[in-house]
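# Architecture and fold: a report
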Amino acid sequence: MSISSRFSVGIHILSLLELNKENVNSSEWIAKSVNTNSVVIRKIMGMLKNAGLVNVRPGVAGAELAKELSAITLLDVYKAVNVVQENELFSVHDNPNPECPVGKNIQEAVMPIFTAAQLALEKSLGNVTIEDVVNDIKQKTETESTNTTC
């Protein structure tokens, strides 16, 4: 099982809003870039809006960033799109056999490891901004010789 794709789609949306800020960013247009249905985009845009990361107006096509790129971290996006519940990136199976020495102790043995791993992930995501992602996209685009558009 992997982390929800809402996370990567949220990063995609925010990057696209910046790189296309001079144009109208409708959910239909964004959906073409993500290669998904516009309903999916509207749902994730609603999550990003609730987190204060984008501005959208009901009934009006277009969206824009609500903050500077450098002020939006990947951790902000991760939390905005509800990738996982708080402290539940890793979960343990319910009801292990309490008569078994492993079953009796497995949860207590692995939970501190899982908690440390989740904190490390979140710290790492907090150190990367959407500006970093956009700059990387720009650099990669400059080295490509194609003239394709979204």
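Residues numbered from 1 in each chain as written. Predicted model: local features only at pLDDT ≥ 70, side-chain atom pairs only at ≥ 80, totals over all residues. Heavy atoms only, no water.

### Some points on the nonpolar core
F7, I13, L14, L48, V77 and I130 are the most contacted members of the largest nonpolar core, which has 32 residues in total. Among the elements of the structure, α1 (6-19), α2 (27-34), α3 (38-50), β2 (60-65), α4 (74-80) and α6 (130-143) are those that each provide at least two residues to this core. For this core, the leading source of residues is α1, giving 7 residues. Those residues in contact with L14 that sit more than four places away from it in its chain are L48, L53, V54, L65, I72, V77 and I130. (Core = buried A, V, L, I, M, F, W, Y, C linked by side-chain atoms within 4.5 Å. Buried < 20%, exposed > 50% of the residue type's maximum accessible area, 1.4 Å probe, protein only. Helix = DSSP H or I, 4+ residues; strand = E, 2+ residues; numbered from the N terminus. Contact = heavy atoms within 4.5 Å.)

### Remarks on the packing of aromatic side chains
A full pass over the atoms with the stated rule returns 2 aromatic pairs. Arranged with centres 5.6 Å apart and planes meeting at 85°, the rings of F7 and Y78 form a pair that is edge-to-face. Of this pair, F7 sits in helix α1 while Y78 sits in helix α4, and the two are 71 residues apart along the sequence. Using a relative accessible area of 13% as the deciding quantity, one classes F7 as buried. (Phe/Tyr/Trp six-rings, centres within 6.5 Å; stacked < 30°, edge-to-face > 60°.)

### Structural notes on the pattern of salt bridges
Taken as a whole and assessed by the stated rule, the structure comprises 3 salt bridges. Across the pair E18 and K21 runs a salt bridge whose closest N-O atoms are separated by 2.9 Å. What makes K21 exposed here is its relative accessible area of 52%. Residues E28 and R42 are paired through a salt bridge, measuring 3.3 Å at the closest nitrogen-oxygen approach. Taken together, the residues E28 in helix α2 and R42 in helix α3 connect sequence positions 14 residues apart. In this structure E28 comes out as partly exposed when scored by relative accessible area, which is 45%. (Salt bridge = Lys/Arg side-chain N within 4 Å of Asp/Glu carboxyl O.)

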